[in-house]
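Take a look at the letters that make up each chain.
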Amino acid sequence: ERVKLSNLSTADVLFVVDDSGSMGGEQEKLAANFAAFIANLDQTNLGRRANNLEPIDFHVAVTTTSIFQNSPTGNTTCRSDCPGAAGGLVCCDTSTSTGAPVGPMLVAKRCDPAASQCGAGLECRSDCAGLLGENVCCDPTTKAAPLTETVACATAGIDCGNLGTHYAFDGLCTPGNAINGEYYPHGAFVGLGDNPRVLHFDKELYPALDAAGQPIRDPALPACSDGSKVCNRQGYTAAQLKGWFAAQDTTGKWSGNAIVGTCGSGEEQALQASRLAVEKAVAGQQTDTRSATGQVAASKADWPHPNSKLVVVYLGDEDDCSNPQDASAGIILVGPAGNDTCVADASSPQPKEFPVSDMVGYFTGLGRPLGAAFMVSTAQTSCQDDACTPGQCCDYQCTGSTSVCRTAVCGGQAAGIRLLEASHELKAAGADVVDGSMCDPSFATILDRIADIVKPPTGLLLPSQPASADIVVLRITNDAGVTRKTCRGPAPAGMTTAAAKAAGYDWWFTATRDQLTDAQQTPTGASLNIFINHATNNCEANPGE
């Protein structure tokens, strides 16, 4: 049998970070332990280059769970008899004493910059007061939005909410990289100031060396911005890229693309945000602050890449509440975390939340290799994969006391039921998936495991099962079919993983395609799954071999 390795050597990684009010501690843990994620991939690439193999590259972007928050109004319902808008179903303010309709609920008039819809003296702009980033009609001088429009609805008698779609700092939340009055990301890539929105850890960071031991760099590429000899294709060093993701000042304060703040929506929509982010990227609608040559200039984001693996990493302390952005057809958020209307909707006979299977179906339908990681609220403070079950975990590291399970900025606030359901469905569809608790004090371990699924497949999946392990020889051949290397193995069934590695076997059969843990790597008799022991560096193949 000949099994040709995928020529996959690139991964596009999207971090979807909850930016609601209780996420300060978890964002800091992500920032503080990101180095473990990078160190794993660094070590892999250094090892590959040392063995004359092509390094992998990975491209990191961040978005948040904020799309909108549908807040209760208390006296607005869908009616067809609303004064000023009679005859059509609109959200209508009603008298709190008599219940009689008073007038339509009005919002700023949305517009299309390509069409003249605002009238004399007004412009369709995205810098209007309190509505940054959203196209509405407003005065170009005062930035006030005098034009309003009614809000249509579909079912008479049901309540309407007030759709909040912009950051509104209250003096209690932490801004992070958010801007007061700015439009929620809606899946857009985010970052601090003019930091690049996509951090390109590309192959140029792991260059081949010339005869004198100096790194070889394409002269057509921009010089390294700090005068060093090793940097990515834009001219940035690995240290700069890491610092843009997360950096800590002398006072201990964290900043960077990962610190998205705690001023976002309390109606977290992680699955929909990730879908919107990828949809925008595939359509070429994601923007970056840096050009391909490293200039500070708005440009189309270079993400995703052709023939790349897509890896989505979710971090949040509440469950997903992806639902329609509609004042009446969507979920009006009411109640405390863990016992709110999003949680109640999940068990409703006619839920408004988008089916998890629809979200998973979008990603599996992209035709790309997939990976996903879920760091969510579980019943366990520390767990891995199938051992993780939905619950409210305790983050003692963040609260600072083993007698305090959670605070306003720490701990699991609501069980990650839908998120873990998405994890199981993705895994069943063949994606590489890692699950963990967002309360785990060892974030470095979780991020190290996530780095493992960013890499190309570590093992081989055979098209048919050999009759016996005793007669199997594993060779690496080049494009011409000439053997380049014969690998030592297989390790015999019954050996422990540690013993097989200590004995220096290059490969062996395993019982499962998943080969992340020692138990999953245990040598077995002949199977469809071959584990490659990368520690020996003797059975490494280039993509396409």
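Residues numbered from 1 in each chain as written. Predicted model: local features only at pLDDT ≥ 70, side-chain atom pairs only at ≥ 80, totals over all residues. Heavy atoms only, no water.

> Residues and numbers for the pairing of strand 17 (residues 370-376), please.
With seven of its seven residues buried, strand 17 lies for the most part within the structure. Neither face of strand 17 is open: one carries Leu 370, Ala 372, Phe 374 and Val 376, the other Gly 371, Ala 373 and Met 375, and all of them are buried. Sheet analysis places strand 16 (residues 309-315) next to strand 17, joined by six bridges and oriented parallel. Pairing of Leu 310 across the sheet is with Leu 370, part of strand 17. Looking at chain direction, strand 17 and strand 18 (residues 432-437) are connected through six bridges and run parallel. Bridge assignment links Val 376 to a residue of strand 18, and that residue is Ser 437. (Buried < 20%, exposed > 50% of the residue type's maximum accessible area, 1.4 Å probe, protein only. Helix = DSSP H or I, 4+ residues; strand = E, 2+ residues; numbered from the N terminus. Pairing = 2+ DSSP bridges.)

> So what's going on with the layout of surface pockets? Residues and values would help.
Quantified by volume, the second largest pocket comes out at close to 570 Å³. If you go around the second largest pocket, you meet 23 residues; those closest to its centre are Glu 182, Ala 188, Phe 189, Val 190 and Arg 197. Take the lining of the second largest pocket: its biggest share by element is three residues, from strand 14 (residues 287-290). A breakdown of the residues in the lining of the second largest pocket according to their chemical character gives ten nonpolar, nine polar and four charged. (1 Å grid on protein atoms, 1.4 Å probe; cavity = no way out; pocket = protein on both sides within 12 Å on 5 of 7 lines; lining within 4 Å. Points joined across faces, edges and corners; volume = space filled by probe spheres on them. Nonpolar A, V, L, I, M, F, W, Y, C, P; charged D, E, K, R; others polar.)

> Outline the sheet that holds strand 19 (residues 460-461), listing residues and values.
Consider a sheet: its strands pair through backbone hydrogen bonds, and that pairing is either parallel or antiparallel. With respect to topology, three strands assemble into an open sheet ordered 19-23-22, the strand pairing being antiparallel. Every interior strand has two partners, whereas the edge strands, strand 19 and strand 22 (507-510), have only one. Sheet topology note: the strand 22/strand 23 (residues 529-532) ladder contains four bridges and is antiparallel. Counted as the bridge partner of Thr 510 is Asn 529 from strand 23.

> Describe helix 2 (residues 238-245), naming the residues involved and giving the relevant values.
Those residues of helix 2 not exposed but buried are Leu 241, Trp 244 and Phe 245. Looking straight down helix 2, one finds that the buried residues subtend no more than 100° of arc, so they occupy a single side. The inward-facing, buried residues of helix 2 contact strand 1 (10-17), helix 1 (24-50), strand 2 (57-64), strand 11 (198-201), strand 13 (254-255) and strand 14. (Arc of directions from axis to C-beta. Contact = heavy atoms within 4.5 Å.)

That is the geometry; function is a separate question.
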